[in-house]
Amino acid sequence: MTTDLRARTAVELLRARRRSIALTDAVDDGDLVRQHSPLMSPLVWDLAHIGNQEELWLVRDVGGRDPVRVDIDRFYDAFKHPRADRPSLPLLGPREARSYVGTVRDKVLDILDTVPLEGRRLVEQGFAFGMIVQHEQQHCETMLATHQLRAGEAVLTAPSPPSAQAGVYGEVLVPGGPFTMGTSTERWALDNERPAHTVDVPAFFIETAPVTNARFAEFIDDGGYLDRRWWSEPGWRHRVEAGLEGPMHWHGDGTRTHFGHRAPVEPDAPVVHVGYHEADAFARWSRKRLPTEAEWEKAARFDPVSGRSRRYPWGDADPGEAHANLGQRHLRPAPVGAYPDGASPLGVHQLIGDVWEWTATDFAGYPGFVAFPYREYSEVFFGPTYKVLRGGSFGTDASACRGTFRNWDLPIRRQIFSGIRLARDPRPGEVG
Ligand SMILES: [Fe+2]
């Protein structure tokens, strides 16, 4: 049992590392140390930070070994240095950073072979290793967003996503009543997903697909960005100050830039690179609203036949290629209807993968939340400042994506792979 767990954990660590290497080997040293946007770290910072977190948790804490580079800890502490300041730090250069992460990883694979995976909560079922796998994959998604912001020639390639196999449109009714939200059993679930608890969610309608580019373009064409009526007060203020006129990377002529390629916006694919404020304005213009986080999770996990909450919309099986557009297999969202095998029992498609979906809910701890293993993973972000996003994107790895997984960001952020799904309350008489 633990041999199997160790082997699977090693595979996950290697998979994450292959991706970090691919994302950093794709550009030259000048591009690695450059800051492509004040919103992002230089790629070389992400790389060494991945190694530093791995050293702190797995080499020093779990393994009880001597530090590899105690002198660099302070430069890679995300809380000490905001992204905009990171280029001015005495960071490891590309060669040093690569060698550092390799040294740390060699030690970690040795520790994984020998350390008991029980007796201490941090290592129970390999949790600390799983946390580090997810951390690396989360930074890979961040690095992918940096690639999207990078100017210059295209360097990343991937096959096109599958085309639509099913016509998916309209909305479904999710019946009212209690369901189990969060998890107490998922092996590598992070602190903010815990514990499992019952939430009573009144009946609501949710759209069966994310909002497409074509629908979002109608909002723009209807003057949606210029009409104060559709925007919240902070949303409108931000729209005016930032001069927003469409999703990030759109050019206003029906084209957008995607990882260095300029191409027509695909009408049937989910809109991506919109902030919470834009999502909220679009929802009002549509006479609908964003789902709450509980509604999103109920639509994704609740099986009305058994009454049970499942790990994913399609059931308990880990995500496969037919279920969802995850893991950077493709470099863009797939058209609506491309993943019929990934639909929920109620017929809601593409909840997992393609685009992160903004919810109306502020990021907060669940009842009974306990920070573990450190407050800075999620607890310090709780409060009205951050909105929750759900479901993962084409750039999210399956190891960091579950029906319970929670992401959060500022309402103005749109360099992330974020999109929109709409919900609404039933009208009088609509629900028997
Ligand atoms: Fe980090």
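Everything numeric in this text was worked out from a predicted model, so none of it was measured.

## A word on the overall build of the protein chain
Now for step 1: Per the secondary structure count, the protein chain includes 9 helices and 11 strands.
Now for step 2: For the protein chain, whose C-alpha radius of gyration is 21 Å, the value lies close to the compact-globule estimate of 22 Å for 432 residues.
Now for step 3: Projected onto its principal axes, the C-alpha positions of the protein chain cover 65 × 50 × 40 Å.
Now for step 4: Counting over 432 residues, the protein chain shows a buried share of 47%.
Now for step 5: A fraction of 78% describes how many contacts in the protein chain between residues 6 or more apart in sequence connect residues 24 or more apart.

## Things to note about the nonpolar core
Now for step 1: By size, the foremost hydrophobic cluster in this structure holds 90 residues, and its most contacted members are V44, A48, L58, A128, A279, F282 and I420.
Now for step 2: Each residue touching V44, except ones within four places of it in the same chain, is listed here: L32, V33, L91, P94 and A97.

## Here's the deal with the UniProt feature "binding site: gamma-L-glutamyl-L-cysteine" (unreviewed entry) in the protein chain
Now for step 1: In this structure's numbering, the residues bearing the UniProt feature "binding site: gamma-L-glutamyl-L-cysteine" (unreviewed entry) are R83, A84, D85, R86, D409 and R413.
Now for step 2: With respect to the element layout, A84 can be found in the loop between α3 (43–62) and α4 (94–114).
Now for step 3: A tally of 13 C-beta atoms within 10 Å means that A84 is categorised as partly exposed.
Now for step 4: Relative to the assigned elements, D85 resides in the loop between α3 and α4.
Now for step 5: According to the C-beta neighbour criterion, D85 is exposed, with 12 such atoms within 10 Å.

## Description of the sheet that holds strand β4 (residues 204–207)
Now for step 1: On the basis of which strands lie adjacent, the open sheet formed by 3 strands has the order β1-β4-β11 and antiparallel pairing. Of all the strands in the sheet, the pair left with one neighbour each is β1 (171–174) and β11 (423–424).
Now for step 2: Sheet topology places β1 next to β4; 4 bridges connect them, and they run antiparallel. Looking at β4, one finds that E171 is bridged to E207.
Now for step 3: Each of β1, β4 and β11 is contacted by helix α9 (residues 293–301), which is oriented at about 70° to β4, the strand it contacts most.

## Overview of the UniProt feature "domain: DinB-like" (unreviewed entry) in the protein chain
Now for step 1: The UniProt entry lists residues 13–143 under the feature "domain: DinB-like" (unreviewed entry), expressed in the numbering used here.
Now for step 2: For residues 13–143, helix accounts for 58% and strand for 0%, while the C-alpha atoms at its two ends are 17 Å apart.

## Here we look at the packing of helix α1 (residues 2–25) against α4
Now for step 1: The interhelical angle for the contact between α1 and α4, taken along N-to-C directions, is 165°, at an axis separation of 10 Å. The angle between α1 and α4 places the two elements in the roughly antiparallel class. For the pair α1 and α4, the sense of crossing is right-handed. On α4, the residues touching R6, T9, A10 and R17 of α1 are R105, L109, L112 and D113.

## What about the packing of α3 against α4?
Now for step 1: Interhelical geometry of α3 versus α4 gives an angle of 25° and a closest axis separation of 9 Å. Between α3 and α4, the angle is such that the two are roughly parallel. Between α3 and α4 lies a crossing whose hand is left-handed. On α4, the residues that touch V44, L47, A48, I50, G51, E54, E55, L58, V59 and V62 of α3 are P94, A97, Y100, V101, V104, K107, V108 and I111.
Now for step 2: Split by residue class, the contact of α3 with α4 holds 14 nonpolar, 1 polar and 3 charged.

## Some details on the environment of V27
Now for step 1: Relative to the elements of secondary structure, V27 occurs in the loop between α1 and α2 (29–33).
Now for step 2: C-alpha separation for the pair V27 and L156, spaced 129 residues apart in sequence, amounts to 9.3 Å.
Now for step 3: Excluding residues that lie within four positions of it along the chain, V27 makes contacts with L32, L43 and V155.

## Considering the sheet that holds strand β7 (residues 356–362)
Now for step 1: In spatial order, the strands read β9-β8-β7-β10; together these 4 strands make up an open sheet with mixed pairing. Both outer strands of the open sheet, β9 (406–409) and β10 (418–419), are each paired with one neighbouring strand and no more.
Now for step 2: Of the strand pairs in this sheet, β7 and β10 are connected by 2 bridges, and their pairing is parallel. Note on β10: the bridge partner recorded for W356 is S418.
Now for step 3: Lying on the sheet, α9 is in contact with β7 and β8 (387–390); it crosses β7 at an angle near 135°.

Cut-offs used in this document
- Residues numbered from 1 in each chain as written.
- Predicted model: local features only at pLDDT ≥ 70, side-chain atom pairs only at ≥ 80, totals over all residues.
- Helix = DSSP H or I, 4+ residues; strand = E, 2+ residues; numbered from the N terminus.
- Rg over C-alpha atoms; globule rule 2.2 N^0.38 Å.
- Buried ≥ 20, exposed ≤ 12 C-beta atoms within 10 Å, placed from the backbone.
- Contact = placed C-beta atoms within 7 Å.
- Core = buried A, V, L, I, M, F, W, Y, C linked by C-beta atoms within 7 Å.
- UniProt positions renumbered as here; feature names shortened; annotations may be inferred.
- Pairing = 2+ DSSP bridges.
- Axes fitted to C-alpha atoms, helices over the stretch in contact; angles between N-to-C directions.
- Parallel < 35°, antiparallel > 145°, perpendicular 65-115°, else oblique.
- Left-handed = near helix turned anticlockwise from the far one by under 90°.
- Nonpolar A, V, L, I, M, F, W, Y, C, P; charged D, E, K, R; others polar.

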